Amino acid sequence: METKDIILKLRTDRDMSQDELAEKLFVTRQAVSRWENGDTVPNTETLKLLSALFDVSINTLLGSPRRLICQCCGMPLDDDAIISHEPDGELNEDYCKWCYSDGNFVYASIEQLTDFLVGHMSNEQWPPEQARAYFETSLPKLKHWTNE
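Keep in mind that this is a model prediction, so the values were computed, not measured.

A.B. asks: Residues and numbers for the pairing of strand S2 (residues 91-96), please.
C.D. replies: Burial within S2 is extensive, with five of its six residues counted as buried. Taken together, the three bridges between strand S1 (residues 83-85) and S2 define a ladder with antiparallel strand orientation. Along S2, the bridge assignment pairs His85 with Leu91. The turn linking S1 back onto S2 is made up of five residues, and Gly89 within it adopts a positive phi angle of 95°.

A.B. asks: Tell me about the packing of helix H6 (residues 110-121) against helix H7 (residues 128-138), and name the residues and values.
C.D. replies: Two elements in contact, H6 and H7, have axes whose closest approach is 9 Å; the angle formed by their N-to-C orientations is 140°. In terms of orientation, H6 and H7 fall into the oblique class. Crossing geometry of H6 relative to H7 is assigned as right-handed. Residues Thr114, Asp115, Leu117, Val118 and Met121 of H6 form the contact with H7, whose own contacting residues are Pro128, Ala131, Arg132, Phe135 and Glu136. Classifying every residue of the contact of H6 with H7 gives six nonpolar, one polar and three charged.

The rules behind these values
- Residues numbered from 1 in each chain as written.
- Predicted model: local features only at pLDDT ≥ 70, side-chain atom pairs only at ≥ 80, totals over all residues.
- Heavy atoms only, no water.
- Buried < 20%, exposed > 50% of the residue type's maximum accessible area, 1.4 Å probe, protein only.
- Helix = DSSP H or I, 4+ residues; strand = E, 2+ residues; numbered from the N terminus.
- Pairing = 2+ DSSP bridges.
- Axes fitted to C-alpha atoms, helices over the stretch in contact; angles between N-to-C directions.
- Parallel < 35°, antiparallel > 145°, perpendicular 65-115°, else oblique.
- Left-handed = near helix turned anticlockwise from the far one by under 90°.
- Contact = heavy atoms within 4.5 Å.
- Nonpolar A, V, L, I, M, F, W, Y, C, P; charged D, E, K, R; others polar.

Structure (structure tokens):
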């Protein structure tokens, strides 16, 4: 979907008029109309406001141009509902809500996270030893663990 279609859908799903959306974003109704017609795209600051208002990521507003993964555990962030939030409510597209919550990281060490993941993700097809080897190789490459 294109940005114009996404904004229109988010607005109409909430039974908002263009005037109501414009008022919440401190823009004119004509600006909203131009976005929904595809004539223009909201600027960066307005995208942030739209993101907060509709509780979706900026990537979602832009049609998900890149694939996000949690930079702590490596889980795909395909659904805005699993993206973490900052204490002020702003989305943090770097982490899932299980690794980063209310401004704090849940796992104190890569070993603690590895133990958790192995315990919850290994099965008959993916034995614990194989899962552990995978996580010990892949997790250190993620941004959260390379910054330690």
